[in-house]
Amino acid sequence: MWPDLIQKARDGGLDAIETYVFWNAHEPRRREYDFEDRLDLVRFIKTVQDAGLYAVLRIGPYVCAEWNYGGFPVWLHQMPGMVIRTDNEMFKNEMQNFTTLIVNMMKQEQLFASQGGPIILAQIENEYGNVQDYYGEAGKKYIQWCATMAESLDIGIPWIMCQQPDAPVPMINTCNGWYCDNFTPTNPNTPKMWTENWTGWFKAWGENDPHRRAEDVAFAVARFFQTGGVFQNYYMYHGGTNFGRTAGGPYISTTYDYDAPLDEYGHLNQPKWGHLKELHAVLKSMERVLTHGDNVTTDMGNGVSTTVYTEEGSCAAFLSNVNTTTDATVTFRGNQYSVPAWSVTILPECSEEAYNTAKVSTQTSVKVKQPNMAEDQPEQLKWEWRPERVTEVLRGWGGRDSLTASRLMDQITVTGDASDYLWYMTTVQIEKSDPIFNKEVTLRVNSSGHVLHAFLNGKFVGSHYGPAYGKVNFVLEAPIHITQETNHLTLLSATVGLANYNAAFDMFLTGIAGGPVQLVSDGKVVKDLSKSQWTYKVGLDGEDQQLHSDVSEHKWQSENLPVNKMMIWYRTTFKAPLGLEPVVVSLQTMGKGEAWVNGRSIGRFWSNFSSALEGCGECDYRGGYNPGKCAIECGQPTQTWYHVPRSFLKSDGNIVTLFEEFGGNPTGVNFQTVTVGTACGSVPEGGLLELSCSGGRSISKIEFASFGNVTGSCGSYEKGGCESKEAMALVQGSCLGKTSCSIQVSEGNLGASNCGADVSNKLVVHAVC
């Protein structure tokens, strides 16, 4: 997808592509490196270069990014004496080794701008200023060391540090956030740069779907350049998918769409993509005067201001209104301009309005799912299955792949994050004379997160998990019946992404670390098992058997398919959907687990984890954004559809494997494609209406078309009291049967609306692809 995504970014007016470098992906085991396939960093940078764009290399190597463990390899956590992101010699040695490796790779390929390559900026560390106080003097020493180490690598281009107010010279401190117009670099000799303009927000299991409107993103960009900004980057411009177990958090979802201008599947997210493209074109037309000119800002009162840039006879102006409710009429150089609340009007020549951030004329695209039209593909797939054998785990006690300790251990210390799953196993001895023998007691387990399943003597007794993102600790309480003297207690702990942000997040506990694990009767603790002899086994039996591999030859059962049962592996084959549109799989009928296609993980699923019913409603873009504002999909499963890149697929004989942890029904699983189903446009007189479908599909129907005083929004337009009688026929003639069309909006082109001089005409079209 790289060339297509990068070209769409260039088409949208971008000049550079930023990318993180994920240490845990490239060095999954100490001194063992992986730069193959999707991890080919050099090839990615060269693809950016081939598209005629610059690159910004954010080495970090801490990335945050809602990525598992913030991008750090977990083997760091397992090294005795290691403390990350501070003045710790072991950490600094490892960080310098990886940073130097990346720099040398880029140098060898002549990819830095100082060598004629596309990389114009590099980053060391990331948002450390947000957590630095926790580390005290050691933090100050560490950030100074980072700067000195980076400079010693001699790359010939500037180094940046995001959110680092005390960035040592010559490091450049940059801003991250939804708005950076009020940001001022600590060093007055460095440019005002914005490395992360958050185009939306990430999605977490159990949370509503964040949405940030195009008007607000454009407002933030325009304000930044009005106030002296010179470099602005979108985070994310394309968010994509957290394949495998890369999602962090804990509880970050597999989708990382981020409401970005390019959606998870690579489609244009309209109107955001197009509205920003228009803004980029206007700003580029003013580039010389904005970067070389002098500027004067005048406060007009009530949240209204004007900023004028001048240089050698050239002039450009911004008229901004930061009031959240009241529109403004601004008199500027003898002319009047209407500036809506929370918007910026841009005048490239200080005279004629070329753009206003609140006036969106780009089409709105509505995506739809299309059934798999592959020949002979049945509506319902035929599934095979295998149980996850808990008894196999019991038989493995004391084996060479297990560990024994007289304490409860931290999960990731044991697993090294080789699996989401860790078995905690101990023996509970109860004499027949004990008062709780042959009686029901309560098993109580204090967990540091994230999910826990309990078994006694091989039989399931209860499950629990943290209730929400940011609240993953919990207490499992389950009734158990002690009926024998020797009892095997087995606890399966599952992580759902490791912490990626906060001070000392490497010290956060996972699993049942610390416990306690207790037996309770009549409200009293009758037995504390926390310091018993515990045996640990990493991963599932099915993982050991490589059941998710596309070449697995293990025997699967085809009869008596179990549904809504715990700990089941499922497998089937399917044909790739026809066409070129992105492929998705619906896992709505499943519970929680992980999915693989042809042996490649498409991520964790947790389809039965729904968001709250509250928090959604009418969205007003005006006023400061936050993740709870403009949320959608309230009360719905966090994620139903999962992206399957076509590069993962074969034309026939594709294998999908599911591990179901909670209980689900695979017969509802189906593969479809995502495409633009509806394209709507609303453009005032004098503008240009442009509509297009995707994937080579054409416009099949004009559902609505009117030129006049139309009201409503896409999908619910209503004609006003006046309109052109010719508009519908003219739109049909221009657009039907075409993949795209454009119409100049004027009475001369569309016919008289007869609305009167006091009405602002607009052309509104609802087209079906």
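About the cut-offs
- Residues numbered from 1 in each chain as written.
- Predicted model: local features only at pLDDT ≥ 70, side-chain atom pairs only at ≥ 80, totals over all residues.
- Heavy atoms only, no water.
- Helix = DSSP H or I, 4+ residues; strand = E, 2+ residues; numbered from the N terminus.
- Rg over C-alpha atoms; globule rule 2.2 N^0.38 Å.
- Buried < 20%, exposed > 50% of the residue type's maximum accessible area, 1.4 Å probe, protein only.
- Contact = heavy atoms within 4.5 Å.
- Areas by Shrake-Rupley, 256 points an atom, 1.4 Å probe, with all protein chains shown as cover.
- Lys, Arg positive; Asp, Glu negative; His and termini not counted.
- Charge placed at Lys NZ, Arg CZ, Asp CG, Glu CD.
- Pairing = 2+ DSSP bridges.
- Axes fitted to C-alpha atoms, helices over the stretch in contact; angles between N-to-C directions.
- Expected span 1.5 Å × (residues − 1).
- Polar contact = N/O pair within 3.5 Å; in protein donor to acceptor, adjacent residues only side chain to side chain.
- Salt bridge = Lys/Arg side-chain N within 4 Å of Asp/Glu carboxyl O.
- Core = buried A, V, L, I, M, F, W, Y, C linked by side-chain atoms within 4.5 Å.
- Phe/Tyr/Trp six-rings, centres within 6.5 Å; stacked < 30°, edge-to-face > 60°.
- Lys NZ or Arg CZ within 6 Å of the ring centre and 35° of its normal.
- Parallel < 35°, antiparallel > 145°, perpendicular 65-115°, else oblique.
- Left-handed = near helix turned anticlockwise from the far one by under 90°.
- Nonpolar A, V, L, I, M, F, W, Y, C, P; charged D, E, K, R; others polar.
- Disulfide = S-S within 2.5 Å.

Draft legend 1. The arrangement of the overall build of the protein chain in detail. Of regular secondary structure, the protein chain possesses 13 helices and 37 strands. In terms of overall size, the protein chain behaves like a compact globule, its C-alpha atoms giving a radius of gyration of 29 Å where 769 residues would be expected to give roughly 27 Å. Across its three principal axes, the protein chain shows a C-alpha extent of roughly 95 × 60 × 55 Å. Burial statistics for the protein chain: of 769 residues in total, 57% are counted as buried. Put simply, of all contacts in the protein chain between residues at least 6 apart along the chain, 73% involve residues at least 24 apart. When the accessible surface of the protein chain is totalled, it reaches about 31,500 Å², and 47% of it is carbon and sulfur. Positive and negative charge centroids in the protein chain, built from 60 and 84 side chains respectively, lie 5 Å apart.

Draft legend 2. Region of the structure containing the sheet that holds strand S22 (residues 474-481). Ordered in space as S22-S19-S24-S25, the four strands form an open sheet in which the pairing is antiparallel. In the strand order of this sheet, the two ends are held by S22 and strand S25 (524-528), each with one partner. Here the strands of the sheet are splayed against their neighbours by 30° on average, with no regard to which way each runs. Bridge count between strand S19 (residues 440-447) and strand S24 (residues 517-521): four bridges; the pairing is antiparallel. When the sheet's bridge partners are listed, Arg 444 is paired in S24 with Gln 518.

Draft legend 3. Focus on the sheet that holds strand S13 (residues 343-347). Ordered in space as S8-S9-S10-S13-S14, the five strands form an open sheet in which the pairing is antiparallel. On the outer flanks of this sheet lie strand S8 (294-301) and strand S14 (355-356), each paired with one strand and no other.

Draft legend 4. Layout of the environment of Pro 684. When you line up the elements, Pro 684 lands in strand S33 (residues 670-684). Residues contacting Pro 684, with those up to four places away along its chain left out, are Val 745, Asn 761 and Lys 762.

Draft legend 5. View of helix H4 (residues 89-108). The terminal C-alpha atoms of H4, which comprises 20 residues, lie 28 Å apart, in line with the 28 Å expected from a rise of 1.5 Å per residue. Among the residues of H4, Phe 91, Lys 92, Glu 94, Met 95, Phe 98, Thr 99, Ile 102, Val 103, Met 105 and Met 106 are the ones counted as buried. Residues of H4 that are buried make contact with helix H2 (23-26), helix H3 (41-50), strand S2 (54-60), strand S3 (119-124), helix H5 (132-152) and strand S4 (159-162). Backbone nitrogen of Met 90 and a side-chain oxygen of the N-cap are separated by 3.1 Å at the start of H4; the cap is Asn 88. Positive phi shows up at Gln 110, right after H4, with a value of about 60°.

Draft legend 6. A look at the pattern of salt bridges. All chains considered together, the criterion is met by 34 salt bridges. For Arg 288, the salt bridge goes to Glu 311, with nearest N and O atoms at 3.3 Å. Taken as a pair, Arg 288 in helix H8 (residues 287-292) and Glu 311 in strand S9 (residues 304-311) lie far apart in primary sequence, 23 residues in all. Taking relative accessible area as the criterion, Glu 311 reaches 11% and is therefore assigned buried.

Draft legend 7. Here's a closer look at the pairing of strand S11 (residues 328-332). The alternating pattern of S11 places Ala 328, Val 330 and Phe 332 on a buried face and Thr 329 and Thr 331 on a face that is not buried. Of the strand pairs in this sheet, S11 and strand S12 (residues 335-339) are connected by five bridges, and their pairing is antiparallel. Paired with Phe 332 across the bridge in S12 is Asn 335. Between S11 and S12, which pair antiparallel one after the other, the connecting turn spans two residues, and Arg 333 there sits at a positive phi close to 55°.

Draft legend 8. Highlighting the nonpolar core. If you look at the biggest cluster of nonpolar residues, it comprises 95 residues, and the most contacted ones within it are Met 106, Trp 159 and Ile 346. In contact with Ile 346, not counting residues within four places along its chain, are Ala 222, Leu 279, Val 282, Leu 283, Met 286, Ala 317, Phe 318, Glu 352, Glu 353, Ala 354 and Tyr 355. The next biggest cluster of nonpolar side chains, apart from the first, holds 46 residues, and it includes Val 472, Tyr 570, Phe 574 and Val 644.

Draft legend 9. Geometry of unusual backbone geometry. Look at the link from Gly 60 to Pro 61: it is a cis peptide, with omega at 0°. The residue Pro 61 is located in the loop between S2 and H4 in this model. Following Gln 270, the chain continues into Pro 271 via a peptide bond in cis, with omega recorded as 20°. Structurally, the position occupied by Pro 271 is in the loop between strand S7 (231-235) and helix H7 (272-285). One non-glycine residue, Asn 457, lies in positive phi territory at about 55°. Of note, Asn 457 is situated in the loop between strand S20 (451-456) and strand S21 (459-465).

Draft legend 10. Region of interest: the packing of aromatic side chains. Within the structure shown, the criterion is met by 52 aromatic pairs. Arranged with centres 6.2 Å apart and planes meeting at 90°, the rings of Trp 23 and Trp 75 form a pair that is edge-to-face. Here Trp 75 lies in the loop between S2 and H4 and Trp 23 lies in helix H2, a separation of 52 residues in the sequence. For Trp 75, a relative accessible area of 10% puts it in the buried group. Arranged with centres 5.7 Å apart and planes meeting at 35°, the rings of Phe 704 and Tyr 717 form a pair that is tilted. In this pair, Phe 704 is assigned in strand S35 (residues 701-708) and Tyr 717 in the loop between S35 and helix H12 (727-735), connecting sequence segments 13 residues apart. Judged by its relative accessible area of 13%, Phe 704 falls in the buried class. The residue whose ring lies beneath Arg 212 is Tyr 179, and the NZ or CZ to ring-centre distance is 5.2 Å.

Draft legend 11. Inspection of the packing of helix H1 (residues 2-11) against H3 at higher detail. Two numbers describe how H1 lies on H3: the axes approach to 10 Å, and their chain directions differ by 40°. When the interaxial angle is binned, H1 and H3 end up oblique. Where H1 crosses over H3, the handedness of that crossing is right-handed. Touching Trp 2, Pro 3 and Ile 6 of H1 are Arg 43, Phe 44, Thr 47 and Val 48, all from H3. Its residues assigned to classes, the contact of H1 with H3 comprises five nonpolar, one polar and one charged.

Draft legend 12. Representation of the state of the cysteines. Summed over the entire model, instances satisfying the criterion amount to eight disulfides. Between Cys 693 and Cys 769 runs a disulfide, and the two sulfur atoms are separated by 2.1 Å. Here the disulfide of Cys 693 and Cys 769 is left-handed, its torsion about the S-S bond being about -90°. Of this pair, Cys 693 sits in the loop between strand S34 (688-692) and S35 while Cys 769 sits in the segment after strand S37 (762-768); the two residues are 76 residues apart in sequence, bridging distant segments of the chain.

Draft legend 13. The arrangement of the pairing of S33 in detail. Most of S33 is tucked away, with 12 of its 15 residues classed as buried. Where strand S15 (residues 364-371) and S33 come together, eight bridges link them in antiparallel fashion. In the strand pairing of S33, Thr 364 is matched with Cys 680. Here strand S28 (residues 583-586) runs beside S33; their pairing, made up of four bridges, is antiparallel. Of the residues in S33, the one forming a bridge with Val 584 is Gln 672.

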